[in-house]
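# Close look at the chain arrangement
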Amino acid sequence: QVQLVESGGGLVQPGGSLRLSCAASGIIFSINGMGWYRQAPGKQRELVATIINGGSINYADSVKGRFTISRQNGKNTVYLQMDSLKAEDTAVYYCNLRANGINYWGKGTLVTVSS
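Described in the following lines is the structure provided in the data block. (Residues numbered from 1 in each chain as written. Predicted model: local features only at pLDDT ≥ 70, side-chain atom pairs only at ≥ 80, totals over all residues. Heavy atoms only, no water.)

### Comments concerning the overall build of the protein chain
Threshold: Numbering of helices and strands runs from the N terminus; a helix is a DSSP stretch of H or I covering at least four residues, while a strand is a stretch of E covering at least two. Only protein chains enter the area calculation, which uses a 1.4 Å probe; residues under 20% of their type maximum are buried, those over 50% are exposed, and those in between are partly exposed. The Shrake-Rupley method, run with a 1.4 Å probe sphere, supplies the accessible areas, and residue values consider only the shown protein chains as cover.
Helix and strand counts for the protein chain stand at zero helices and eleven strands. Listing each helix as α and each strand as β along the protein chain from the N terminus yields β-β-β-β-β-β-β-β-β-β-β. Based on the C-alpha atoms only, the size of the protein chain along its principal axes is roughly 45 × 25 × 25 Å. In the protein chain, which comprises 115 residues, the share counted as buried stands at 40%. Of the roughly 6200 Å² of accessible surface on the protein chain, 47% is carried by carbon and sulfur atoms.

### Points about the side chain of Arg66
We count it as follows: In protein, a polar contact requires one atom able to donate a hydrogen and another able to accept it; more generally it is a pair of N or O atoms within 3.5 Å, and residues adjacent in sequence count only if both atoms are side-chain atoms. By the convention used here, residues are in contact when the closest approach between their heavy atoms is within 4.5 Å.
Here Arg66 shows up in the loop between strand S6 (57–59) and strand S7 (67–71). Within polar-contact distance, the side chain of Arg66 engages the side chain of Asp89 at 2.7 Å. Apart from the residues lying within four places of it in its own chain, the contact partners of Arg66 are Gln81, Met82, Asp83, Ser84, Leu85, Lys86 and Asp89.

### Some words on the side chain of Thr50
By secondary structure assignment, the location of Thr50 is in strand S5 (residues 46–52). Residue classification places Thr50 among the buried positions, given a relative accessible area of 12%. Once you skip the residues sitting within four places of it in the chain, Thr50 turns out to touch Met34, Gly35, Tyr37, Ser56, Ile57, Asn58 and Ile69.

### Quick look at the sheet that holds strand S8 (residues 77–82)
The condition is simple: Criterion used throughout: strands pair if DSSP finds at least two bridges between them. Axis definition: a line fitted to C-alpha atoms, limited for helices to the stretch in contact. Angles are taken between N-to-C directions and run from 0 to 180 degrees.
In space, the four strands of this open sheet follow the order S1-S3-S8-S7, with antiparallel pairing throughout. This sheet does not close on itself; its edge strands, each paired only once, are strand S1 (3–7) and S7. Across the sheet, the axes of successive neighbouring strands diverge by a mean angle of 15°, strand direction being ignored. As defined by bridge partners, strand S3 (residues 18–25) adjoins S8 across six bridges and the pair is classed as antiparallel. Each residue of the ladder has a partner; that of Ala23, found in S8, is Thr77.

### A look at the packing of aromatic side chains
Under the convention used in this document: The pairing test for Phe, Tyr and Trp rings, Trp by its six-membered ring, is centres within 6.5 Å, and the orientation test on the planes gives stacked under 30 degrees, edge-to-face over 60, and tilted for anything in between. Counting as a charge over the ring demands two things of the Lys NZ or Arg CZ atom: a distance within 6 Å of the ring centre and an angle within 35 degrees of the ring normal.
This model, assessed by the stated rule, comprises one aromatic pair. For the ring pair Tyr37 and Trp105, a centre distance of 5.0 Å and an interplane angle of 75° mean the geometry is edge-to-face. Placement of the pair is Tyr37 in strand S4 (residues 31–39) and Trp105 in strand S10 (residues 102–105), with a sequence separation of 68 residues. Exposure remark for Tyr37: the relative accessible area of 19% places this residue in the buried category. It is Arg19 that lies over the ring of Tyr79; its NZ or CZ is 4.5 Å from the centre. When the ring centre of Tyr94 is taken as origin, the NZ or CZ atom of Arg45, which lies over that ring, is 3.8 Å away.

See the structure below:
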């Protein structure tokens, strides 16, 4: 069984920063990449950032220049550094791992940006 566990969410003021972490465990092969998605209240889940094997990175337009995704070599661990946070970044952030054409999801970590 593949398990993804997110951490690092919390309450932060606008303009502040948070760093999210996601650790994957289990028997995993043929990993295509890892990434972060988010879901705000009343909204659909949306892609935030992905990092693919080989180093290709993709960001949503809304977070470009503010968020940075990275992956630890040799580990199924992915991070999301979030800077210059805005109120509209408030959401539950979900870790994603794609392997052999299958998407695996964490349970999410809540990020609240408010003064």
